[in-house]
Every structure is written in structure tokens, then in C-alpha cells.
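Coordinates in review
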Amino acid sequence: MFKVNIEFIKPGMILAKTLQNIDGQILLSAGVKFKDNYIQKLKELGITHVYIDTKETSDIVIEDVICDQNRFEAKKAIKDVMEDLYMGRRIQLEQVSYTISNILDDLLGNRDILLNLSDIKAADEYTFAHSVNVCVLSLITGIAMGYNRERLEKLGVGAILHDIGKIWIPKEILNKPGKLTDDEYKKVKRHPKVGYDMIKRYDHISSLSAVVVLTHHERYDGRGYPLGKKGEEIHEFARIVAIADVYDALTSDRVYKSKMFPHEAVEYLISMGGHQFDYEIVKKFIVHVAAYPLGTMVVLNTGEKGVVVKLDQAYPNRPTIRCMYGVDGERYDGFKELNLIDYPSITIIEVLEKLE
């Protein structure tokens, strides 16, 4: 399987990964052939990418670092918390703690983690999917930094709740396609304090988790908000979540911007290390994030086009490529594979949204 932009899906292509909404409803099952009305419906739901199968890629299995059930339950848990807060009900955090524990079980059982974020986000569940991705990314980083389980659980709770203050920001501001006015931006900047004020009332939420909600938009150089803290003044948990938050936002399609590819987001984090972000944490973070995830379509400097089929954590920028198109643009009769570790002169020069 490999990931393709929905704009390039054609009738007859085969869906490789089942699509579900946040309520567990199956939108389209793996193995189904696309029809025009299926494609249109997915576009209406705000789904921008899907995984498809071809005979050359049917053996490529893209595993998430957490199981589908745990990801689904985590999105449902944060959705329930946000709805309860919005309706003025007391939030039930037991489910959040339970799902964080399950996510940790998945991650701690796989010490050689190289992240392929394979979750497909629908537009109306972006906030929930983003919260879970930030949680997973933060926990992977915490594991890399040697945190014990108790510390990881507190980090995970803060990470998954980091954006709860956004429930009070009008959707027309959150989803505005154009530039925000000064007044709109002031409203957005209130969400860390609003979220913090909401959860600090709950005695069983650690103060370390709460400080993540308050300070995840602080920046290492002191130019963040709401407190203008800098460097070591910002709690380490918040410095981790700041990196995870920005990475997932950069690699997600939104109404007001197109996504970056993972390798571009990694380069951005490196360039901002020591400025916006703690560079020592950035270095821990990028070791476990695939710059070219499995199923990514690429162009090589030879002119050949193919799909990433294997990763090497020791050499994250040198994956194995299954080439399906030659230098002349003609499709190979079959394919050939190149492990870029063995071919130092061959490099990836472009990431594609379609192969043809």
C-alpha cells in the first residue's frame, strides 16, 4: 500500500486501509474499488489522503506504532472530555488515563520505534486526531529521554489535553482560511490559560500535566505565550509537547494551509532548534520520526520514481525504494529495489502525491 492524495484517486483504484470515523463507523472498507461517488463523499468529509493497493505494493504493510483500537479509543476519550467541558459537565478522566496506559503498553513493547503516522484525519475530527498524535509523539520522545512509567503517564495526560482550551474558540476562527485579525489572534492565544483554568480544578490531574496545557506555546527564545517564559524556565514536559504539537500541525492539511511532508517538518524543527525549541529534545525527537515514511512516493536524482518500502533507523534519510518508473518515465515491467545505504550517490530529490 501507499498513500495518495484524494485529488488523484481514480475509479477502479483499490482502497488498502479501512476508513472509519471517530464513532467507529466504517466509511469505506479495505479492498473496495473506488467509484466516483465514493471519492466525492470522502472529499466532502475533508479526507485528503487514502492508502491504495497495486500489484507492486500489495506486500507493503504500514503499521502504526499503536494499534487501531487504542488510537480509536484515545480519540473518543478526548472527544468526550471536550464535549463534557463544553456542556459544563464534570469530566471523566478515568478513560483518558486508561487509554494513555494502553498507548504506553504499545510503545514500550517496541523499543526500536520509527514513527509512521498512518492515521487518516477527517476534517471534523482534526482536533481529536491531533491531540492523540501529539500524545504519541510526546510519549515516544519521553521514552527516548529515559522517563519512567509514572512520568510518562503524566506527560501523556498533559499532551492529550494540551488543546482543550480551544473548545471556547469559535470554529469560524479556528477554521478561518485567511489571516487572523489581531482580535481573533488574541482569542486564539487565550486557549492555554483557559484550558489550564479548566483542569486545575481537578485534584487527580497532576500539576505537571496541567503545566503542559498552560505552557505548550512558550518558546525556547522567550517569544511564546502566555507567560513569555524561555529556556529552562519552561518545564521539560512543555518543551517536548511544543515540538510534537508543531510537527503534527505542520504535517496536517488544514483549511488555511497545505501540509508539509515529514522530511520538511523535520528540517524545520532542526532549523528552529535553540530558537523556538530545545535543540537537545529536537535531536531525541527526530531519531524516532521517519523523514520518509513507508508508502511515501518519491523521485530519485536518477529520475526514477518509486515507493519507500523499508526504513533503517540508523540511517533515516536512506530508505529502501521500490522503483516502478524508469528515468524515461516509462513504467517498469515489474520493479527494482534500491537500498539507498548501498548507493551513496543516489538521493531522494522530491516527494510526490501521485506516481504517474
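What comes next is a walk through the structure. For every chain, the first residue of the written sequence is number 1, and numbering continues from 1 along that sequence. Reporting of local features is limited, given that this is a predicted model, to residues whose pLDDT is at least 70; pairs of side-chain atoms are given and counted only at 80 or more, and all residues count toward the totals for whole chains, interfaces and linings. Heavy atoms throughout the structure, all of them, feed into the side-chain values; hydrogens and water do not.

1. Description of the nonpolar core
What counts is decided by this rule: As used in this record, nonpolar core signifies buried Ala, Val, Leu, Ile, Met, Phe, Trp, Tyr and Cys residues forming a set joined through side-chain atoms within 4.5 Å. Accessible area is worked out with a 1.4 Å probe on protein chains only. A residue is then buried under 20% of its type maximum, exposed over 50%, and partly exposed in between. Only heavy atoms matter for contacts: two residues are in contact if any of them lie within 4.5 Å across the pair.
Counting 58 residues, the largest nonpolar core has Ile160 and Leu161 as the members making the most contacts within it. Isoleucine 160 has contacts with Ala74, Ile78, Val96, Ile100, Ser131, Val132 and Cys135, leaving out every residue within four places of it along the chain. With 40 residues, the next largest nonpolar core counts Tyr292, Val307, Ile321 and Tyr325 among its residues.

2. Let's talk about the packing of helix H10 (residues 236–250) against helix H11 (residues 262–272)
Selection rule: For helices, the fitted line uses only the C-alpha atoms of the stretch in contact; every axis is such a line through C-alpha atoms, and the angle between N-to-C directions lies from 0 to 180 degrees. Strands are runs of DSSP state E lasting at least 2 residues, helices are runs of H or I lasting at least 4, and numbering of each runs from the N terminus. Helix crossings fall into two classes, left-handed where the near helix is turned counterclockwise from the far one by less than a right angle and right-handed where it is turned clockwise. Three categories are distinguished: nonpolar for Ala, Val, Leu, Ile, Met, Phe, Trp, Tyr, Cys and Pro, charged for Asp, Glu, Lys and Arg, and polar for the others, with Gly belonging to the last.
Here H10 crosses H11 at 145 degrees, and the two axes come no closer than 9 Å. Taken as a pair, H10 and H11 cross one another with a handedness that is right-handed. Contact residues: Ile243, Val246, Tyr247 and Leu250 in H10; Pro262, Ala265, Val266, Tyr268 and Leu269 in H11. Across the contact of H10 with H11, the residue classes tally to 9 nonpolar, no polar and no charged.

3. What about helix H3 (residues 94–108)?
In plain terms, the rule: Take the number of residues in a helix, subtract one, and multiply by 1.5 Å to get its expected span.
For H3, which comprises 15 residues, the first-to-last C-alpha distance of 21 Å matches the rise-based estimate of 21 Å (1.5 Å per residue) to within 8%. Along H3, the residues that are buried comprise Val96, Thr99, Ile100, Asn102, Ile103, Leu104 and Leu107. Lining the buried residues of H3 we find helix H2 (68–86), helix H4 (126–144) and helix H5 (149–160).

4. Describing the packing of aromatic side chains
Defined as follows: Each Phe, Tyr or Trp ring (for Trp, its six-membered ring) is paired with any other whose centre lies within 6.5 Å, and the angle between the two planes then decides the class: stacked below 30 degrees, edge-to-face above 60, tilted in between. A ring is considered to have a charge above it if a Lys NZ or an Arg CZ atom is located within 6 Å of its centre and within 35 degrees of its normal.
In this structure the tally under the stated criterion is 3 aromatic pairs. Directly above the aromatic system of tyrosine 147 lies the positively charged group of arginine 151, at a separation of 4.9 Å from the ring centroid. Geometry around phenylalanine 335 places arginine 322 over its ring, the cationic atom sitting 4.4 Å from the centre.

5. So, a nonpolar patch on the surface
To keep it simple, the criterion reads: Patch definition: residues with relative accessible area over 30% and no salt bridge; like charges joined within 9 Å; nonpolar side chains (Val, Leu, Ile, Met, Phe, Trp, Tyr) joined within 5 Å. Computed with a 1.4 Å probe, the accessible areas rest on the Shrake-Rupley method; for each residue, only the protein chains presented here act as cover. For this document, the term salt bridge refers to a Lys or Arg side-chain nitrogen within 4 Å of an Asp or Glu carboxyl oxygen.
A contiguous nonpolar surface patch, about 380 Å² in accessible area, is contributed by Tyr86, Met87 and Trp168. Along the chain, the position of tyrosine 86 falls in helix H2.

6. Brief notes about the sheet that holds strand S5 (residues 49–53)
Our working definition: Here the rule is simple: two strands pair whenever DSSP picks up at least two bridges between them.
Strand order in the open sheet formed by 3 strands is S1-S5-S2, and the pairing between neighbours is antiparallel. Pairing within the sheet leaves two strands with one partner each, and these edge strands are strand S1 (2–5) and strand S2 (14–15). Inspection of the sheet shows S2 paired to S5 by 2 bridges, in the antiparallel sense. Paired with isoleucine 14 across the bridge in S5 is aspartate 53.

7. What to know about the pattern of salt bridges
The full count for this structure, using the stated rule, is 20 salt bridges. One salt bridge connects arginine 149 with glutamate 153, and the closest N-O pair in it is separated by 3.3 Å. Of this pair, arginine 149 and glutamate 153 both sit in helix H5, 4 residues apart, which is roughly one turn of the helix. Using a relative accessible area of 31% as the deciding quantity, one classes glutamate 153 as partly exposed. One salt bridge connects arginine 322 with glutamate 337, and the closest N-O pair in it is separated by 2.7 Å.

8. Some details on unusual backbone geometry
Most peptide bonds are trans, and most residues other than glycine sit at a negative phi. In this chain, tyrosine 225 is followed by proline 226 through a cis amide linkage whose omega measures 10 degrees. Considering the arrangement of structural elements, one finds proline 226 in the loop between helix H9 (207–215) and H10.

9. Quick notes on the side chain of histidine 191
We count it as follows: In the analysis that follows, any N or O atom pair within 3.5 Å is treated as a polar contact, provided that within protein one partner can donate a hydrogen and the other can accept it, and provided that, for residues neighboring in sequence, both atoms belong to side chains.
Structurally, histidine 191 can be placed in helix H8 (residues 191–199). Polar side-chain contacts of histidine 191 include one of 2.6 Å to the backbone oxygen of valine 188. Excluding its chain neighbours within four sequence positions, the residues that come into contact with histidine 191 are Asp163, Gly165, Lys166, Ile169, His216, His217 and Tyr225.

10. So, the environment of threonine 127
Topologically, threonine 127 is positioned in helix H4. A relative accessible area of 27% places threonine 127 in the partly exposed class.

11. Considering the sheet that holds strand S9 (residues 331–339)
Read across the open sheet, the 5 strands follow the order S9-S8-S7-S6-S10; overall the sheet is antiparallel. Two strands in the sheet have a free side with no partner beyond their single neighbour: S9 and strand S10 (348–352). On average, each strand axis in the sheet is inclined to that of its neighbour by 35 degrees, with strand direction left out of account. The pairing of strand S7 (residues 305–310) with strand S8 (residues 320–325) spans 5 bridges and is classified as antiparallel. Opposite valine 307, over in S8, you have arginine 322 as the bridge partner.

12. Some thoughts on the packing of H4 against H5
Applicable threshold: Roughly parallel means an angle under 35 degrees; roughly antiparallel, over 145; roughly perpendicular, 65 to 115; everything else is oblique.
The geometry of H4 relative to H5 is characterised by a closest axis approach of 8 Å and an angle of 155 degrees between their N-to-C directions. Relative to H5, the element H4 is oriented roughly antiparallel. For the pair H4 and H5, the sense of crossing is right-handed. On the side of H4, the interface is formed by Ser131, Val132, Val134, Cys135, Ser138, Leu139, Gly142 and Ile143, while H5 contributes Leu152, Leu155, Gly156, Ala159 and Ile160. Residue composition of the contact of H4 with H5, by class: 9 nonpolar, 4 polar and no charged.

Honestly, that's just the spatial picture; any functional story needs more than this.
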